[in-house]
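An overview of the molecular structure
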Amino acid sequence: MWLIVNPGLLDEQQHALPEGHTTIGRTDENSVRVLHMSLSRRHARLERTGDRVILVDLGSKNGTLVNGTRVDRFALQDGDSFQCGDVQFKLSSSQGAFEPTHVQGLNTRFSPLTMEEMLELDRAPGSASALRLRPAREADARSAEKLRVLLKVSQMLSSLGPIDGLLERILKLVFQILEVDRVAILLVDPATGALRPRVARLSTGELPSGSFYSQHVVDYVRMRSVAALFSDAREDPRLDGASSVMLQSIRSAMCVPLKPQDQVLGVLYVDNQAQANRFTEEDLEFLTAFANQAAIALENSMLSQRVAEEAVLRNAYLRFFPPTVIKKLQSDKQAHLDIVETEVTVLFSDISGFTALSSTLNPRQVVDLLNDYFPVMADIVFRYEGTLEKYIGDALMAVWGAPFSQPEDADRALRAAVDMQRALADLNARWRAQGQTELKIHVGLNTGRVAAGNIGSEQYLQYATIGDATNVASRICDATPAGEIRMAESTFRRVKERSWPLTKLPPVQVKGKQEPLTLYRVDWRDGSTQ
């Protein structure tokens, strides 16, 4: 059983009517929600048992009517209509749909042929031309002209660019080639799978005031993947008694799927408001061939846009994530960077005495120094599969455990901290030989829960971790002397690595924490040189 809302109108909806109770009303608590002020919040209920359907008014303000008479309870039959407020409903045992006058498969005489079909391979020798073309017939002259138009269409749609610009070019070409009153292109929304109007235009060049296409027509074409011709909307029996607006809006229409390969990307819809039987089977065949060209151009434009977006995204990923994480993000369709709560180990590394050092150098020397220093530190973070979250002046912040966690996150962070100190020793040796300034760094580690994910606006997104754990890591770094690494007790409990001595220190008070912290010093010079 089906419940049809606004039968015969442009905004008609069809709902399957299951066994049991189905409520009708204005709010989303109802099974069938209709946004019309004449309906009450909970207006009526349909009680279905097999083929028996009882209509029950739920004390609505504007009433429930059958044949113009207000009812509290009424047994409906197949095909019966009723009214809730000002909204019409119809009960039907079958799902209604437009039946087209003519349908056309997506392969036309203009579809690409095989080379054997285009050539006369077994012709007699001695012809005037060396080309093995099949001889043309007079009947082919009109087809040849249409083919020339289609080749020009293909050329005009071949340039890559924004999808909206391509859709506008398609509209312009339809009006230029065909005598139609209105054109609309609807594309499938990847998120919902529903057809959504993207561009529409009147023959005058004006924008339509609202949706003018029939939802029945576009759904029919999309679901069946056929081109359809509707000669006269008045002949559809389901429009008996429908509003004059509907009858004046569509007299004849054609609709074709935009289907470059196996997937329908959308539909192309055209109609005529004044003339019935305005379109012929020849028109439908040509529009089908035209739509095939448009669909290929649309697919290419979508692919180009997707490649460009992925390139931008990959460049953004390269700022934060190691190659292993980037690969997982790109291969795992379920992976995303929405905000999640997770446990991470945070590393803060800071250059000791950098403010005083900067005062002795000119700005270009400071920049050159940091550009020499930061890439080495970033490579270490990525080597141990950490996320490089940000640079803050001369400080570096990295996390392990987001966007993907591993059992050894704390150990990876510790190894990265030790390698940073060792790498700086090598950098200092090189700078010393060049007569340049040497540096010292201090590193703090802390483990705790944070909110991690993309943060910012559509124009500027940054992957970030927010929470007390990051603040404490920064405070631990501030409390660490030059050349040392210190970690919080939360990190110490998770570290399995024992390549370097870990010395427990007296409690230390840090800014922003009422209770002193227990820290551990990593004696990285005395341990393994792995």
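Values in this document were obtained by computation on a predicted structure and should not be read as measured data.

1. Thoughts on the nonpolar core
Ranked by size, the top nonpolar core spans 42 residues in total, and within it Leu347, Tyr373, Leu396 and Val522 carry the most contacts. Ranked by residue count, the leading element in this core is helix 10 (residues 409-433), at eleven residues. Leaving out residues up to four positions away in the same chain, tyrosine 373 has contacts with Ser349, Ile351, Asp394, Leu424, Leu427, Trp431, Leu439 and Ile441. Counting residues in each nonpolar core, the second largest holds 35 residues, with Leu178, Ile185, Leu284 and Ala295 among its members.

2. A short note on the layout of surface pockets
Put simply, the second largest pocket is a space of about 470 Å³. Going through the elements one at a time, strand 13 (182-188), strand 14 (195-202) and helix 6 (281-320) are the ones with two or more residues in the lining of the second largest pocket. Sorting elements by how many residues they give to the lining of the second largest pocket places helix 6 first, with six residues. Counted by class, the lining of the second largest pocket contains eight nonpolar, two polar and six charged residues.

3. Some words on the sheet that holds strand 4 (residues 32-33)
A sheet is described by the order of its strands in space; here five strands give the open sequence 4-3-5-6-9, paired in mixed fashion. Only two strands of the sheet have a single partner each, and these edge strands are strand 4 and strand 9 (73-76). Bridging between strand 3 (residues 20-25) and strand 4 involves two bridges; their strand directions are parallel. Paired with isoleucine 24 across the two strands is valine 32, which belongs to strand 4.

4. Points about the side chain of serine 38
Considering the arrangement of structural elements, one finds serine 38 in the loop between strand 4 and strand 5 (44-49). At 2.8 Å, the side chain of serine 38 and the side chain of histidine 36 are in polar contact. The residues contacting serine 38, other than those within four sequence positions of it, are His43, Asn62, Cys84, Gly85, Asp86 and Val87.

5. Observations regarding the pattern of salt bridges
Overall, the coordinates contain 22 salt bridges when judged by the stated rule. Residue arginine 383 is joined to aspartate 419 by a salt bridge in which the shortest nitrogen-to-oxygen separation is 3.1 Å. With arginine 383 in helix 9 (residues 363-383) and aspartate 419 in helix 10, this residue pair connects regions lying 36 residues apart in the sequence. Classification of arginine 383 as exposed rests on a relative accessible area of 51%. Two residues, arginine 521 and aspartate 523, come together in a salt bridge whose shortest N-O distance is 2.7 Å. The class of arginine 521 is partly exposed, set by a relative accessible area of 23%.

6. Thoughts on the environment of methionine 302
Structurally, the position occupied by methionine 302 is in helix 6. C-alpha separation for the pair methionine 302 and glycine 161, spaced 141 residues apart in sequence, amounts to 9.2 Å. With residues up to four places along the chain from it excluded, the contact list for methionine 302 reads Ile163, Leu187 and Leu265.

So, how was this worked out
Residues numbered from 1 in each chain as written. Predicted model: local features only at pLDDT ≥ 70, side-chain atom pairs only at ≥ 80, totals over all residues. Heavy atoms only, no water. Core = buried A, V, L, I, M, F, W, Y, C linked by side-chain atoms within 4.5 Å. Buried < 20%, exposed > 50% of the residue type's maximum accessible area, 1.4 Å probe, protein only. Helix = DSSP H or I, 4+ residues; strand = E, 2+ residues; numbered from the N terminus. Contact = heavy atoms within 4.5 Å. 1 Å grid on protein atoms, 1.4 Å probe; cavity = no way out; pocket = protein on both sides within 12 Å on 5 of 7 lines; lining within 4 Å. Points joined across faces, edges and corners; volume = space filled by probe spheres on them. Nonpolar A, V, L, I, M, F, W, Y, C, P; charged D, E, K, R; others polar. Pairing = 2+ DSSP bridges. Polar contact = N/O pair within 3.5 Å; in protein donor to acceptor, adjacent residues only side chain to side chain. Salt bridge = Lys/Arg side-chain N within 4 Å of Asp/Glu carboxyl O.

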